[in-house]
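If you want the building blocks of each chain, they are given just below.
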Amino acid sequence: DAMMPAPTKVNYNGFEPEKKKKPEITEATIDPSEIGLEKCQKIVKEQEFKIRKLKEKMAGIAPTKKNKAEIAAVKEQVEELQADGNYRAAMNYVRKVEEDERD
């Protein structure tokens, strides 16, 4: 009984990699109110275009085991684009201005 090793934690699904953390939201390097609404709209448009392109690319990849890594990589790129601080700042600013205009 003294020879029994300490119990080790066993992970039974050896195929599942560790869960990756979501990309950190980056610090915004722009001041939306300073660069103005049009520039912000342009930033948002470009970023959303990139995100849409990546999502279309992801939809075009057959969901097979072989393509799992590629799909994960594309998904990660989308998340990184969505976590871009400048994009978020610009988007919040554009939304705020549009809401103010509505009121």
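Quick summary incoming for the structure in this document. (Residues numbered from 1 in each chain as written. Predicted model: local features only at pLDDT ≥ 70, side-chain atom pairs only at ≥ 80, totals over all residues. Heavy atoms only, no water.)

1. Brief notes about the overall build of the chain
What counts is decided by this rule: Runs of E in the DSSP output that reach at least two residues are strands. Runs of H or I that reach at least four are helices, and both are numbered from the N terminus. Only protein chains enter the calculation, and the probe is 1.4 Å; a residue is then buried if its accessible area is under 20% of its type maximum, exposed if over 50%, and partly exposed in between. Residue contacts are defined here by distance: any two heavy atoms, one from each residue, within 4.5 Å place the two residues in contact. For every accessible area listed, the method is Shrake-Rupley and the probe measures 1.4 Å; residues are considered covered only by the protein chains on display.
Looking only at helices and strands, the chain has three helices and zero strands in total. Traced from its N-terminal end to its C-terminal end, the chain shows the element sequence α-α-α. The proportion of buried residues among the 103 residues of the chain is 21%. Sequence separation of 24 or more characterises 74% of the internal contacts of the chain that already satisfy a separation of 6 or more. For the chain, the computed accessible surface area is about 8900 Å², with 54% contributed by carbon and sulfur atoms.

2. Concerning helix α2 (residues 68-82)
What counts, and what does not: Take the number of residues in a helix, subtract one, and multiply by 1.5 Å to get its expected span. The arc in question is formed by the directions pointing from the helix axis toward the C-beta atoms.
For α2, with 15 residues, the first-to-last C-alpha span of 21 Å sits near the 21 Å given by 1.5 Å per residue. Those residues of α2 that fall on the buried side of the exposure criterion are Ile71, Val74, Val78 and Leu81. Down the axis of α2, the sector holding all buried residues measures 85°, keeping them to one side. Across α2 from its buried face, at more than 90 degrees, point the exposed residues Lys68 and Ala69.

3. Remarks on the pattern of salt bridges
Operational definition: Salt bridge criterion: a side-chain nitrogen from Lys or Arg within 4 Å of a carboxyl oxygen from Asp or Glu.
Taken as a whole and judged by the stated rule, the model has two salt bridges. We note a salt bridge from Lys42 to Glu46, for which the minimum N-O separation is 3.0 Å. Highlighted residues: Lys42 and Glu46, both in helix α1 (residues 32-60), separated by four residues, approximately one helical turn. A residue is classified by how much of its surface remains accessible, and Lys42, at 52% relative accessible area, is exposed. Where Asp100 meets Lys96, a salt bridge forms, and the shortest distance between an N and an O atom there is 3.4 Å. Placement of both Asp100 and Lys96 in helix α3 (residues 85-102) is noted, with a separation of four residues, approximately one turn of the helix.

4. Overview of the environment of Tyr93
Relative to the assigned elements, Tyr93 resides in helix α3. Residue Tyr93 is classed as partly exposed on the basis of its relative accessible area, which comes to 22%. Here the alpha-carbon distance between Tyr93 and Gly36, two residues 57 residues apart in the chain, equals 9.1 Å. Those residues in contact with Tyr93 that sit more than four places away from it in its chain are Pro32, Ser33, Gly36, Leu37 and Cys40.

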